[in-house]
Amino acid sequence: MRPVPGAWARARWAIRSCAAVTPRAWPFAVRASQLYEQPLTRQKLQALRAFLALLEATDHLAGDVVECGVWIGRSLALLSDHLRRRRSPRAIHAFDSFAGFPAPAAPDYAPGAATRMLHRGYLGDTTEARVRAKLRRVGMAERVILHPGYFADTLPAYRPAAVSFVHVDCDLYESTRVCLAELWPRLAPGGIMVLDDWALRDFPGARRAIDEWEGAQAVEPLPGSPQAGWVRKPP
């Protein structure tokens with residue numbers, strides 16, 4: 001598929017200006033709240049609008065859409081529903097243990113860490129069946145391929161022809177490190193990676209893994225989000 005002229009410029013304008021747009025102007029606001037199964041604040045809606053703008057900026061690229069860190073499937077349902085509405089043919093691959101955190105590593109316990117959440121099994125209140133049920137509600141159960149298991153076990157076995165968009169939401173040092181090491185080399189030139197935990201103080205291990213990574217200097221803050229960042233792979 002050939003690049004859409006001006007698509008990247010329009011996407012950059014959208015994510016920079018979205019903070020000035022009221023949620024009432026966004027047709028997806030109600031839909032996003034339904035998919036997240038909770039009311040969403042203006043700030044959260046701004047962040048989701050920016051997230052979707054970045055996803056749209058990769059429409060012209062061939063390759064899979066990947067999410068690492070699914071939990072109960074909120075952002076997965078949102079991006080899947082958005083791709084369906086845009087009639088995108090891209091496959092979606094989602095990775096999660098569906099059993100909560102693995103054992104945290106030493107960098108996860110840096111000063112300021114939310115130690116009450118740093119234990120094996122945290123965020124284990126989900127199941128693969130629960131996520132599949134959510135995907136069925138948006139008509140995407142057949143389009144999304146779930147990969148249950150820890151990232152260190154599942155990502156090396158994933159061999160796509162190309163990847164166009166990646167959403168990393170892993171919280172922990174080792175999980176984030178593995179995702180960056182496995183997926184950045186597979187990301188197509190011009191592809192985008194969103195790093196949900198880039199500035200999340202509760203989980204400093206994720207930020208350390210990002211800071212140690214080769215693409216760290218190019219990460220920009222995601223508008224509307226107090227914690228997420230994003231980076232585009234050079235063409």
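Each remark here, short or long, concerns the structure printed above.
Before going into details, it helps to say that this report is about the structure given with it.

Definitions and limits used
Residues numbered from 1 in each chain as written. Predicted model: local features only at pLDDT ≥ 70, side-chain atom pairs only at ≥ 80, totals over all residues. Heavy atoms only, no water. Helix = DSSP H or I, 4+ residues; strand = E, 2+ residues; numbered from the N terminus. Buried < 20%, exposed > 50% of the residue type's maximum accessible area, 1.4 Å probe, protein only. Contact = heavy atoms within 4.5 Å. Areas by Shrake-Rupley, 256 points an atom, 1.4 Å probe, with all protein chains shown as cover. Salt bridge = Lys/Arg side-chain N within 4 Å of Asp/Glu carboxyl O. Expected span 1.5 Å × (residues − 1). Pairing = 2+ DSSP bridges. Right-handed = clockwise from strand over helix to strand, strands pointing away. Axes fitted to C-alpha atoms, helices over the stretch in contact; angles between N-to-C directions. Parallel < 35°, antiparallel > 145°, perpendicular 65-115°, else oblique. Left-handed = near helix turned anticlockwise from the far one by under 90°.

**Side note on the overall build of the protein chain**
Counting its regular elements, the protein chain contains eight helices and seven strands. Residues counted as buried form 57% of the 235 residues belonging to the protein chain. Of all intrachain contacts in the protein chain linking residues separated by at least 6 positions in sequence, the fraction that spans at least 24 positions is 75%. A total accessible area of about 11,000 Å² is found for the protein chain, and carbon and sulfur atoms account for 54% of it.

**Considerations on the environment of Gly69**
Following the sequence through the fold, Gly69 ends up in the loop between β1 (64–68) and α4 (74–85). Look at Gly69 and you get buried, because its relative accessible area is 10%. For the pair Gly69 and Phe101, spaced 32 residues apart in sequence, the C-alpha separation works out to 9.9 Å. The residues touching Gly69, leaving out its near neighbours within four places in the chain, are Phe95, Asp96, Phe151 and Asp169.

**Remarks on the pattern of salt bridges**
Tallying each qualifying case throughout the model produces 13 salt bridges. As a salt-bridge pair, Arg137 and Glu37 come within 3.0 Å of each other at their nearest N and O atoms. Here Glu37 lies in the loop between α2 (28–36) and α3 (42–56) and Arg137 lies in helix α5 (residues 128–137), a separation of 100 residues in the sequence. Look at Arg137 and you get exposed, because its relative accessible area is 58%. On the basis of relative accessible area, Glu37 is assigned to the partly exposed category, the value being 45%. A salt bridge links Asp59 to Arg86; the shortest N-O distance between them is 2.5 Å. Placement of the pair is Asp59 in the loop between α3 and β1 and Arg86 in the loop between α4 and β2 (92–96), with a sequence separation of 27 residues. The class for Arg86 is partly exposed, based on a relative accessible area of 41%. Each member of the salt-bridge network shares a partner with another, and the members are Arg31, Asp81, Arg84 and Arg85.

**Section: α4**
With 12 residues, α4 ought to run about 16 Å at 1.5 Å a step, and its terminal C-alpha atoms sit 17 Å apart, in line with that. With nine of its 12 residues buried, α4 lies for the most part within the structure. Taken residue by residue, α4 has Ser75, Leu76, Ala77, Leu78, Leu79, Ser80, Asp81, His82 and Leu83 as its buried positions. Just downstream of α4 lies Arg87, where phi reads positive at about 55°.

**Quick notes on the pairing of strand β3 (residues 144–148)**
Side-chain positions along a regular strand alternate between the two faces of the sheet. Bridge analysis of β2 against β3 gives five bridges, and the strand direction is parallel. Opposite Asp96, over in β3, you have Pro148 as the bridge partner. On the question of chirality, the crossover connecting β2 to the parallel β3 by way of α5 is right-handed.

**A short note on the packing of helix α7 (residues 173–183) against helix α8 (residues 204–211)**
Packing of α7 against α8 brings their axes to within 7 Å, and their N-to-C directions diverge by 30°. Judged by the angle between their axes, α7 and α8 are roughly parallel. Like other packed secondary-structure pairs, α7 and α8 cross with a definite hand, here right-handed. Taken together, the residues of α8 that come into contact with α7 (itself represented by Tyr173, Thr176, Arg177 and Leu180) are Gly205, Ala206, Arg208, Ala209 and Ile210.

**With respect to the sheet that holds β2**
With mixed pairing, the seven strands of this open sheet are ordered in space as β3-β2-β1-β4-β5-β7-β6. Bordering the open sheet on either side are β3 and β6 (220–221), each of which pairs with just one other strand.

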